[in-house]
Amino acid sequence: MSSMVRVAREANVAVSTVSLTLNHRERVKPETRERIEQAMKRVGYRPREKKSAARAKSSAIRVALIYTLESLNRVEDSTMTSYCREIISGMQDYMAGTSSFLSVFRGIDHVDHDVMVNEQINSKEFDGVILFGADARNGYLERLQHTGLPMVAINRLPEHGKFSCVTIDYYGGAQLAINHLVKQGHRRIASIMKDESGKWIGEEIRHGVQNALKSHGIELALDIPIQKLQTPADFRSLCEQVRERGVTAIFSGDHMAIRCADMLAEMGIRVPEEVSLIGFDDRGFSTASGLSLTTIGYDKRRMGRLSIRMLQGLSHSKGKLRWLCTAVSTYLVDGQTTANLNGRPPAEPTAVAPQS
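These numbers come from a predicted model, not from an experiment.

A. Just the overall build of the protein chain, in detail. Tallying secondary structure elements over the protein chain gives 12 helices and 12 strands in all. Across the 356 residues of the protein chain, 50% fall into the buried class. Considering only intrachain contacts with a sequence separation of at least 6, the fraction spanning at least 24 residues in the protein chain is 73%. Accessible surface, the protein chain as shown: approximately 17,400 Å² in total, 48% of it carbon and sulfur.

Okay, here's the thing in structure tokens:
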């Protein structure tokens, strides 16, 4: 776990708030700033000395970007490809007007079989590598660490060993989603997330959900791991539990939110009149009836810009900087799948159609 993440947990704030305190102290409330600064002392965190943005951008760098098949196959559709393109576009924006260059390689099932990547990396033609889709099963992360080249992993926090990364403020995003639902009057909320005990992303989302609910004095009405939702029958069972337990809102990833919307519609349960849905990832999804999904977004192009800037710092530090980590902040994309319950009577429940 990175030091900045430890500070955020110690101070019970989002990672982006810690970053804002370090870079723009005047924009943070004095009491919050004091809490973060005390947390930094307790965990022994010392922010690194910064260079000016103009100086960093003027430094030329030769970058290899490797994106793996796992980064494209985590969902059943092809939207991860456009997600990767947005990150690459951010990298290109940052490198525009300089003598830097970016080479893009698509990885395969395992790094041992990837002759092209191995030859290019061994040729020493690059100052650093950015890895998108790091996965223990494909071996790219471990192989690239052993090369000694500066490396930045996109959306992969170092769980064992140290490497640099640009990731997402999952904790803050989860809090943002729950706070939005509660503000709209929802007290019976379900969460559908990966059961990733011991893994950073799952823990951050769960921690954000739990702390947001705790601050409002409520608990989850339903907590379902994604692993238990594989077939249409599984989704039907979930939606039946939603009705039986009086759940009025569901928080999940975008893809899972849309699948829930489809099943709810099939069962005659109205979205958002009876059940609201809020996702995480801002993939531009809409329900079958044309409702735009309310979701938690983040700046993917900024992730690309930050990864290049970070790689520059690592490359030009001549070994003085070993690893860095930062998280982009999240924001609410207010779509059409959440309803405000404040000041209105509960919706009349629709009878669930029997399963044929």
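B. Quick look at the environment of leucine 341. Residue placement: leucine 341 occurs in the segment after strand S12 (330-333). Taking the C-alpha atoms as reference, leucine 341 lies 5.0 Å from glycine 185; in sequence the two are 156 residues apart. In contact with leucine 341, other than residues within four places in its own chain, are Gln184, Gly185, His186 and Thr248.

C. Looking closely at the environment of aspartate 334. Checked against the element boundaries, aspartate 334 lands in the segment after S12. Those residues within four positions of aspartate 334 in sequence are excluded, and the remaining contacts are His180 and Thr294.

D. Up close: the pairing of strand S8 (residues 249-252). By the alternation rule, side chains of S8 split into Ala249 and Phe251 and Ile250 and Ser252, which are all buried. Pairing between strand S6 (residues 189-193) and S8: four bridges, direction parallel. From the neighbouring strand, isoleucine 189 faces S8, where its bridge partner is alanine 249. Each parallel crossover has a hand, and the one from S8 via helix H11 (residues 254-266) to strand S9 (residues 276-280) is right-handed.

E. Region of the structure containing helix H3 (residues 30-43). Taking 1.5 Å of rise per residue, the 14 residues of H3 would be expected to cover 20 Å, and the 20 Å separating its terminal C-alpha atoms lies within 8% of that figure. When H3 is considered as a whole, its buried residues turn out to be Thr32, Arg33, Ile36, Ala39, Met40 and Val43. One side of H3 carries all its buried residues, which in axial view fall inside an arc of 125°. Turned more than 90 degrees from where H3 packs its buried face, Pro30, Glu31, Lys41 and Arg42 sit exposed. Trailing H3 by a residue or two, glycine 44 shows a phi angle of about 75°, which is positive.

F. Spatial organisation of the packing of helix H2 (residues 15-23) against H3. At a minimum axis separation of 10 Å, H2 and H3 run at an interaxial angle of 95°. Judged by the angle between their axes, H2 and H3 are roughly perpendicular. Here Thr17, Val18, Thr21 and Leu22 of H2 come into contact with H3, specifically with Thr32, Arg33, Ile36 and Met40. Per-class residue counts for the contact of H2 with H3 are four nonpolar, three polar and one charged.

G. Inspection of the pattern of salt bridges at higher detail. All told, the structure shown has 12 salt bridges when counted by the stated rule. Arginine 143 is the partner of aspartate 112 in a salt bridge, and the nearest nitrogen-oxygen pair spans 2.5 Å. Note that aspartate 112 is positioned in the loop between strand S2 (101-106) and helix H6 (115-122) and arginine 143 in helix H7 (residues 140-147), a separation of 31 residues in sequence. Arginine 283 is the salt-bridge partner of aspartate 281, the closest N and O atoms lying 3.1 Å from each other. You'll find aspartate 281 and arginine 283 in the same group, each marked buried.

H. The nonpolar core, seen in detail. The biggest cluster of nonpolar side chains holds 62 residues, and the ones touching the most others in it are Ile130 and Phe251. With seven residues, helix H5 (residues 79-95) is the largest single contributor of residues to this core. In this structure, phenylalanine 251 is in contact with Ala174, Ala177, Ile178, Ala190, Ser191, Ile192, Met193, Ile205, Val209, Ile278, Gly279 and Phe280, ignoring residues within four places of it in sequence.

What counts, and where the lines are drawn
- Residues numbered from 1 in each chain as written.
- Predicted model: local features only at pLDDT ≥ 70, side-chain atom pairs only at ≥ 80, totals over all residues.
- Heavy atoms only, no water.
- Helix = DSSP H or I, 4+ residues; strand = E, 2+ residues; numbered from the N terminus.
- Buried < 20%, exposed > 50% of the residue type's maximum accessible area, 1.4 Å probe, protein only.
- Contact = heavy atoms within 4.5 Å.
- Areas by Shrake-Rupley, 256 points an atom, 1.4 Å probe, with all protein chains shown as cover.
- Pairing = 2+ DSSP bridges.
- Right-handed = clockwise from strand over helix to strand, strands pointing away.
- Expected span 1.5 Å × (residues − 1).
- Arc of directions from axis to C-beta.
- Axes fitted to C-alpha atoms, helices over the stretch in contact; angles between N-to-C directions.
- Parallel < 35°, antiparallel > 145°, perpendicular 65-115°, else oblique.
- Nonpolar A, V, L, I, M, F, W, Y, C, P; charged D, E, K, R; others polar.
- Salt bridge = Lys/Arg side-chain N within 4 Å of Asp/Glu carboxyl O.
- Core = buried A, V, L, I, M, F, W, Y, C linked by side-chain atoms within 4.5 Å.

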